[in-house]
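Fold and geometry: a report
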Protein chains: 2
Amino acid sequence: MDLDLTADVVSVCSQLVDLESVSRNERAIADAVESALAPLPHLDVVRRGDTVVATTDLGRGERVVIAGHLDTVPLNDNLPSRNDGTNLHGLGACDMKGGDAVILRLAASVAEPARDVTYVLYEGEEIESEFNGLGHLAAEQPALLRADFAILMEPSDGVVEAGCQGTMRIEVTTHGERAHSARAWRGVNAIHRAAPVLERLTAYQPRKPVIDGLTYHEGLNAVGISGGVAGNVLPDLCTVSINYRFAPDRGEAEAEAYLRDLFDGYDVEVADSAPGALPGLDRPAAKEFVEAVGGVVNPKFGWTDVSRFSALGVPAVNFGPGDPMLAHKQEEYVPLEQLRECERVLSSWLGGGR
Amino acid sequence: MDLDLTADVVSVCSQLVDLESVSRNERAIADAVESALAPLPHLDVVRRGDTVVATTDLGRGERVVIAGHLDTVPLNDNLPSRNDGTNLHGLGACDMKGGDAVILRLAASVAEPARDVTYVLYEGEEIESEFNGLGHLAAEQPALLRADFAILMEPSDGVVEAGCQGTMRIEVTTHGERAHSARAWRGVNAIHRAAPVLERLTAYQPRKPVIDGLTYHEGLNAVGISGGVAGNVLPDLCTVSINYRFAPDRGEAEAEAYLRDLFDGYDVEVADSAPGALPGLDRPAAKEFVEAVGGVVNPKFGWTDVSRFSALGVPAVNFGPGDPMLAHKQEEYVPLEQLRECERVLSSWLGGGR
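These lines cover the structure that appears in this document, whether it is placed above or below. Fair warning: this is a prediction, and the values are worked out from it, not measured in the lab. (Residues numbered from 1 in each chain as written. Chains lettered and ligands numbered in written order. Predicted model: local features only at pLDDT ≥ 70, side-chain atom pairs only at ≥ 80, totals over all residues. Heavy atoms only, no water.)

1. Concerning the overall build of chain A
A count of helical and extended segments in chain A gives ten helices and 19 strands. In terms of principal-axis extent, the alpha carbons of chain A reach across some 80 × 45 × 40 Å. For chain A, restricting intrachain contacts to residue pairs at least 6 apart in sequence, the fraction spanning at least 24 positions comes to 77%. Of the accessible surface of chain A, which amounts to about 13700 Å², a share of 46% is contributed by carbon and sulfur atoms. Charge-centre separation for chain A: the mean point of 30 positive side chains lies 5 Å from the mean point of 54 negative side chains. (Helix = DSSP H or I, 4+ residues; strand = E, 2+ residues; numbered from the N terminus. Contact = heavy atoms within 4.5 Å. Areas by Shrake-Rupley, 256 points an atom, 1.4 Å probe, with all protein chains shown as cover. Lys, Arg positive; Asp, Glu negative; His and termini not counted. Charge placed at Lys NZ, Arg CZ, Asp CG, Glu CD.)

If you want it as structure tokens, here you go:
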């Protein structure tokens, strides 16, 4: 299928939605994107797997990355797209083919941007991290992502969301001694020993640090608990799985130290971990961008791919059309006016802050 | 296989151990028991499934039941039996073919007991209650179990264990509201809500009532806990499975009321329940029995089939050879001297208290 990037952004978005691209099946949409961008004389186009990178090279003093993933969550009886005059409905309309449509329109129409641009349309964001196209670039061709600033066009209701919180999951295990429950005094109940672990969680007061003017909001939650041998046996093991979401002024090592201190005396293992990303709103490119889009910035609480840029030293924000609460829902849609407004704002900013 | 009940109790026991009878496979041993008892002129023998009941009917003023189960837990590379001169080893030697051997020796050798006797050798004790041969008799032919006193010959190290504690398992469920763990303030964590449940368990002080001179010892223990949806989701449910062991002065209704009061405000469901059994040591038959065996009586903490007699209004005790801590262990054995002593004591008591 040929993408017509001379059409308006709503039309481009509906073309993208109708190009079904559930994760691990992004070949067709990546082909269409590559074919549409490759002929444009102001862009260098590189393909890696089903990730397409298109770059301007105008020798500007500044470079920005504008990125979006091409894949969607699985089909849920929500294709083809449907335009009701106010919203465009369909799988991926919100997350995030609306953002992709804006990216493609910018790539095609802004031939002489005031800042050099690297457009990245990548595969494998909705599934395990090992398939993430942006992750592959960061690991293997980081030079392609080198920039002063990055915009990830995930749905954010057209408001800048800066930084992202880190996440760490630990398992706290208590140990006891089995015994028949009819003679409980002969054993030690590991589930009872987990009571203080839950007490520490309920007593927890979240840190809410202010970073670059944004108020983050940490969280510490049991996300799983298990223990038990049989209905008449005192259990010798109980494991509480705990997820810590930490503000981006705290690194992974610091987060782990905090948890080990909080659960001092317990058997603590880190199950997985991903760092946060500082908002980086002190950088000139970021400042100008925030001003250009109207000055409203919210902190990003969830973990997103912006932290991949952060790890490369590139400040990054989320900014895109669509209500993030609709992501992954059968009824997802993107408001037509948000699509147009995002394109307008970004086009103006790329053109030189008009 | 023919059982030779004229042999001594140790030999009868080794014959029984070598007759493999894992639960649901008691046909051969029940056949052997029935064939050995049926020719004895002082006994009426009735069979129901793989349960054998042999009764004297001498018109004595008093009747006692002496009972033992014929089945064992699964094979564990511990057959055939082995006699080392001090102990008889092998599957079921302790639990409870030692007791069965004593029963069969008594049935064969005490032709004119001072009190009428109902010997019960039953199937299906080591598995789900629905297979329990004593339970079948109690439900369908309770007249066969009518008596003034009952002795269940489960291993008790040759000491009388009187009564048994009741058991009740409840599930206490806490409810919350799911939310992404990155925005925990939008939800309610059901695992955190279980903290006070565990606190009440750790604060619990067991009741230790004295009944007929015996000190019981209650217990309240979490035997299972589960909750959790995914590593990034606040769970909306957490269930704590709790086992309450209650002394026999407390009925099931009272036990349930106690638990509902203790966990007031929580969603409480009774998963299963079995009543305890009062020691009944005030009955003449019981008193004489205790005196005959030396006067030492301990309370029984675990639930046993004595409560099936109790439910029929028959006071019952556990009394048998073998260390109860060896039950269900691969290395189980029964001391030869305990076998002989149990037979001697019971034979004497049945003979008229000599």
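Following the structure, the description resumes.
2. Let's talk about the sheet that holds strand β13 (residues 219-228) of chain A
Across the sheet, eight strands lie side by side as β16(A)-β9(A)-β15(A)-β13(A)-β13(B)-β15(B)-β9(B)-β16(B); this open sheet has antiparallel pairing. The two strands at the open ends of the sheet, each matched to only one other strand, are β16 (267-274) of chain A together with β16 (267-274) of chain B. The sheet shows a mean angle of 25° between the axes of neighbouring strands, taken without regard to direction. Sheet topology places strand β9 (residues 166-175) of chain B next to β16 of chain B; seven bridges connect them, and they run antiparallel. Each bridged residue has a counterpart across the sheet, and for Met168 of chain B the counterpart in β16 of chain B is Ser273 of chain B. Helix α6 (residues 195-203) of chain B contacts β9, β13 (219-228) and β15 (237-246) of chain B of the sheet and is inclined by roughly 20° relative to β15 of chain B. (Pairing = 2+ DSSP bridges. Axes fitted to C-alpha atoms, helices over the stretch in contact; angles between N-to-C directions.)

3. Considering the interface of chain A and chain B
Residue-level contacts link 42 residues of chain A with 42 residues of chain B. Between chain A and chain B, a total of about 3100 Å² is buried, with carbon and sulfur atoms accounting for 62% of that surface. On the surface where chain A and chain B come into contact, there are twelve residue pairs in polar contact (both at pLDDT 80 or more). Every element with two or more residues in the side of chain A that touches chain B is listed here: α5 (190-193), α6 (195-203), β13, β14 (233-234) and β15 (237-246) of chain A. Counting residues per element, the side of chain A that touches chain B draws most heavily on β13 of chain A, at nine residues. Looking at the side of chain A that touches chain B residue by residue, the class counts come to 20 nonpolar, 16 polar and six charged. Direction of pairing for β13 of chain A relative to β13 of chain B: antiparallel, over a ladder of five bridges. (Buried area = accessible area lost by both parts, 1.4 Å probe. Polar contact = N/O pair within 3.5 Å; in protein donor to acceptor, adjacent residues only side chain to side chain. Nonpolar A, V, L, I, M, F, W, Y, C, P; charged D, E, K, R; others polar.)

4. Observations regarding the pairing of strand β6 (residues 116-122) of chain B
Residue and element names in this part refer to chain B. Among the seven residues of β6, seven are classified as buried, and the element is accordingly described as predominantly covered. Along β6, one buried face is formed by Asp116, Thr118, Val120 and Tyr122 and the opposite face, lined by Val117, Tyr119 and Leu121, is buried too. Sheet analysis places strand β2 (residues 51-55) next to β6, joined by four bridges and oriented antiparallel. Its bridge partner being in β6, Val53 is matched across the sheet by Val120. Two strands pair when backbone bridges link them, and strand β3 (residues 63-69) and β6 are joined in this way by seven bridges, in the parallel orientation. Note that in β6 the partner of Ile66 across the bridge is Tyr119. (Buried < 20%, exposed > 50% of the residue type's maximum accessible area, 1.4 Å probe, protein only.)

5. With respect to the packing of aromatic side chains
Residue and element names in this part refer to chain B. Inspection of the entire model under this criterion finds 14 aromatic pairs over all chains. Ring centres of Phe149 and Trp349 lie 6.1 Å apart, and the angle between their planes is 80°; on these two criteria the pair is classed as edge-to-face. Of the two residues, Phe149 sits in strand β7 (residues 149-152) while Trp349 sits in helix α10 (residues 336-351), which places them 200 residues apart along the sequence. Overall, Trp349 belongs to the buried group, its relative accessible area being 1%. The ring of Tyr258 has Arg250 sitting right over it, with the charged end atom 4.9 Å from the ring centre. (Phe/Tyr/Trp six-rings, centres within 6.5 Å; stacked < 30°, edge-to-face > 60°. Lys NZ or Arg CZ within 6 Å of the ring centre and 35° of its normal.)

6. Details of the packing of helix α1 (residues 9-18) of chain A against helix α10 (residues 336-351) of chain A
All names here are of chain A. Between α1 and α10, the shortest axis-to-axis distance is 9 Å and the interhelical angle comes to 115°. When the axes of α1 and α10 are compared, the pair comes out roughly perpendicular. In this structure, the crossing between α1 and α10 has a hand that is right-handed. Across the interface between the two elements, Val9, Val10 and Cys13 of α1 pack against Leu336, Leu339, Arg340 and Glu343 of α10. The residue makeup of the contact of α1 with α10, split by class, is five nonpolar, no polar and two charged. (Parallel < 35°, antiparallel > 145°, perpendicular 65-115°, else oblique. Left-handed = near helix turned anticlockwise from the far one by under 90°.)

7. Points about the sheet that holds strand β19 (residues 333-335) of chain B
Residues and elements named next belong to chain B. If you walk across this open sheet you meet the three strands as β4-β5-β19, and the pairing is antiparallel. For this open sheet the edge positions go to β4 (82-83) and β19, each flanked by a neighbour on one side alone. Most of the contacts of helix α1 (residues 9-18) go to strand β5 (residues 87-89), to which it runs at about 10°, and overall it touches β4, β5 and β19. Each of β5 and β19 is contacted by helix α3 (residues 93-109), which is oriented at about 45° to β19, the strand it contacts most.

8. Side note on the relation of the copies chain A and chain B
By a simple turn and slide, chain A fits onto chain B: the slide is 0.3 Å along the axis, the RMSD is 0.3 Å, and the turn is 180°. Both copies are brought into coincidence by an operation consistent with a two-fold rotation axis. Residue Ser226 of chain A, judged by its C-alpha, is the member of chain A lying nearest the rotation axis, at 2.4 Å. The share of interface residues of chain A whose copies in chain B are also at the interface is 100%, consistent with both copies meeting through the same surface. (Least-squares fit on C-alpha atoms with pLDDT ≥ 70 in both.)

9. Observations concerning the pairing of strand β1 (residues 44-48) of chain A
All names here are of chain A. In this structure, β1 lies alongside strand β2 (residues 51-55), joined through five bridges in antiparallel fashion. For Arg47, the partnering residue across the bridge sits in β2 and is Val52. The loop that links β1 with its antiparallel partner β2 comprises two residues; one of these, Gly49, has a positive phi angle of about 60°.

10. Quick notes on the packing of α1 of chain A against helix α3 (residues 93-109) of chain A
All names here are of chain A. Where α1 meets α3, the closest approach of the two axes is 8 Å, and the angle between their N-to-C directions is 125°. Viewed along their axes, α1 and α3 adopt a mutual orientation that is oblique. Between α1 and α3 the crossing geometry is right-handed. Residue-level contacts link Val9, Val12, Cys13, Leu16 and Val17 of α1 to Ala93, Lys97, Gly98, Asp100, Ala101, Val102, Leu104 and Arg105 of α3.

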